[in-house]
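# Structure at a glance
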Amino acid sequence: MNQPPGSVPGPDGVWFSVWSSAVQQLFVDCEGQRFPLQRGPDDVHRAFVPGIGEGTRYALVANGRLLMDPYALEIDGPWGTMPRAIVRKLPPAVELQAPLFSPSGLIYELSVRAFTMLHPEVPAELRGTLRALLQPAVIAHLKKLRVSAVELMPIQAWIDEPHLAPLGLRNAWGYNSMNFMALDPRLAPGGFNDLRDVVAGLHAEGIGVILDVVFNHTGESDDEGIVLSLRGLDERAYYRHDADGRLLNESGCGNAINCEHPMARRLVMDSLRHYVRYAGVDGFRFDLAPILGRTRRGFDPNAPFFGELLRDPVLKDRILIAEPWDVGPDGYQLGRFPAPFLEWNDRYRDDVRRFWRGDAGTIGSLVTRVAGSEDVFGGQQTRTVNYLASHDGFTLHDLVSYNEKRNEANGEQNRDGTNANYSWRGGSEDPRALLATLFASRGAIMLTAGDEFGRTQLGNNNAYAQDNEITWLDWLSRDRDLEAFTAELARLREESPQIGDPRFLRPGDVTWCQADGTPFDEAAWNDVRSGLVAMKLPEITIVFDRRAGKQVSFVKEDVSAT
C-alpha cells in the first residue's frame, strides 16, 4: 500500500484506505453521506473525500452493513449502537528511549478503572480514566512499592459479551477488543493524548508502561456473533478457520486472529508500532500469546509473527511478555517462546501456593521456582515472570481465605472460573509468607494491584464482568500494615540485587541449607515432610519456614527483617 491505511486528513479533505480481498465494493459513510472507494489491483480500496477534516465521524460500508475501520485512531459512543470512527491526525512521534524495566524488576498489573474508581485522593472527574494515574497519591504509591513498570490491563476499545446485558453486567477487564488502534473512550476521554501524557508522566518518575494487548481474538465472537469490522471486511483472511471453513475458537471467545495471513499480521504489527512511536510505551504483554504463533501445523516459536516482531527496528528492544497458553490443541507453551520474551510462569504460581498450603513433597519445587525455573527456561538467564495471583483468579487475600470459588454474582451458577486454585483458609501470616517468597525470587516478579494491602473479590475468581465494588480497590479499608510490609520487601529486594538477578545460579553462587545450617543432601530433598529451607546468597540469607507458623526471613549483615 502506498496510501497509509485508515483515514488521513489533509488541507482539502480526507483520504480513506482499507484492505479487503473479499468485498467488491466498499463505501465510506461520513456523517451520513456515502462515498464509494475504488478497489485497486492490490485489493486496497481508496477514496478522497473533499471538504471534510479532522473530527469527522465515519464508518465503512460493506454489503449494506456499517463497519468499524480497523485502523481507526479514535472512536465515539454511545455504546448501545455501532460506534463510529473519528478522523484524527497522528500526533508527532515521541523520542524513543530504552525501556524503563529490568529483567529482575517489579511489574504492577492494574485495571485503570478498578484501580482508581474509589481512590479518595483522585478527583471524581478523573476516576476510572488513564489520567488518574498521574495523580500525586497514585505515583507516590507506585514509588513506595519500587514499581519498575505498570502493566495496564487492556485499554484498547472493547465491547461487552452479548450474554452480559440481560444479567445486568458489563465487561470490566477489557479482554474483548473491537479495535486494535483506538483507545477505549471511557478510559481515554481525551483521546490518544491521554496515553501519551500518562506514559511521559510515569517515565518522568522512572516508571515504565507495559500495555496488555489482545491480538488473539476480537469481540465479533463466533459464527452467531455480531459483525463489527474484520468479519465484514474479510473474515477468511483475518480469522483462523478449520478445514471445513468454520471459525476456530482457540481463544475460547469464538474466534482466533490469523497471524499467518500477511494482512492480519500487518494490522497487529502496525498497532504495536503505533503505541511505541506515538506514545513511547515500553512494552507489551500478549494475552493468549500462542495464537500469535499458530500455523496450520500448530504452534511454532519461529512463526512469521515472531520473526517480524524480533527484527522490527521499532519493536525489537521493547519488553515482550507472553501469556504462554490458549485453549486450542497443544495450547500450553510455557518456556517455548523465543528469547527475549518473558513469560507468565503459572508453574511458579502453583508450586509456591502448594508449598505454603502445606502440601507434602513440595520443598524441591519451591527451590526450583525461587531460583528462576531453570527446568522450564534453560540457558544462562531466566525469562520468568513470577507471580502469585493475577487479574484472572483469586486475589492474594482470597487465596488464603476460601477453599472454593464463589462466582454466583457472574450469573453462571458458579460454573465459570477455574477449580484448580490450590487455595486454603489460613491465617494472617499466610499472605506475608507468600509476598516475601515472591520478592525473594530470581527474575522478574509481578504483583496485581491491591494484593499488597489485602484486596478481596469476595471469593470471585473470574470477576471479568464485575465493574463494581467487587473489583474496585477499596483504598479506605486497606490493610496498611500489610502494605508497609510489602514496601519493606520491595526495599530489601532493591538494595540486594543478588536476590532478583535473572542469571541462573551456579555452584558457588548459593548454598541450600537445613534448619541446623547443614547443606541439603539427597535425603533432605526427598523428605516429604520438610518445611524449611534456607537460601544462602552472597551477603544475604533467606529462610523459608512453614513449620511453626509461616514466615520468610531475610538476614543481611546481621540485620533481620521478617
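Everything below is about the structure shown above.
Residues numbered from 1 in each chain as written. Predicted model: local features only at pLDDT ≥ 70, side-chain atom pairs only at ≥ 80, totals over all residues. Heavy atoms only, no water.

What follows concerns the pairing of strand β5 (residues 44–50). Inspection of the sheet shows strand β2 (residues 13–19) paired to β5 by 7 bridges, in the antiparallel sense. Paired with Val14 across the bridge in β5 is Val49. Bridge count between strand β4 (residues 33–39) and β5: 2 bridges; the pairing is antiparallel. Counted as the bridge partner of Arg39 is His45 from β5. (Pairing = 2+ DSSP bridges. Helix = DSSP H or I, 4+ residues; strand = E, 2+ residues; numbered from the N terminus.)

To continue, consider the side chain of Lys556. Assignment of secondary structure puts Lys556 in strand β22 (residues 551–556). A distance of 3.0 Å separates the side chain of Lys556 from the side chain of Ser496, its partner in a polar contact. Contact partners of Lys556, with chain neighbours within four places excluded, come to Glu495, Ser496, Glu539 and Ile540. (Polar contact = N/O pair within 3.5 Å; in protein donor to acceptor, adjacent residues only side chain to side chain. Contact = heavy atoms within 4.5 Å.)

Close contact between helix α5 (residues 262–279) and helix α6 (residues 304–311) brings their axes to 11 Å; oriented N to C, the two are set at 30°. The angle between α5 and α6 places the two elements in the roughly parallel class. Crossing of α5 against α6: the hand is right-handed. Contacts between α5 and α6 pair Arg265, Val268, Met269 and Leu272 from the former with Pro304, Phe305, Glu308 and Leu309 from the latter. Its residues assigned to classes, the contact of α5 with α6 comprises 6 nonpolar, no polar and 2 charged. (Axes fitted to C-alpha atoms, helices over the stretch in contact; angles between N-to-C directions. Parallel < 35°, antiparallel > 145°, perpendicular 65-115°, else oblique. Left-handed = near helix turned anticlockwise from the far one by under 90°. Nonpolar A, V, L, I, M, F, W, Y, C, P; charged D, E, K, R; others polar.)

One face of the sheet, then the other: side chains in a regular strand alternate in exactly this way. With 6 of 7 residues buried, β2 is to be regarded as a mostly interior element. The turn linking strand β1 (residues 6–9) back onto β2 is made up of 3 residues. (Buried < 20%, exposed > 50% of the residue type's maximum accessible area, 1.4 Å probe, protein only.)

It is worth spelling out α5 at this point. Taking 1.5 Å as the rise per residue, α5 with 18 residues should run 26 Å; its terminal C-alpha atoms sit 25 Å apart, in good agreement. Looking one or two residues past α5, Gly280 carries a phi angle of roughly 75°, positive in sign. (Expected span 1.5 Å × (residues − 1).)

A word on unusual backbone geometry. In this model, Ala339 is joined to Pro340 through a cis peptide bond whose omega is 10°. Following the sequence through the fold, Pro340 ends up in the loop between β15 (319–322) and β16 (342–344). You will see that Asp43, though not glycine, has its phi angle at about 65°, which is positive. Summarising the element assignment, Asp43 is placed in the loop between β4 and β5. One non-glycine residue, Ser373, lies in positive phi territory at about 60°.

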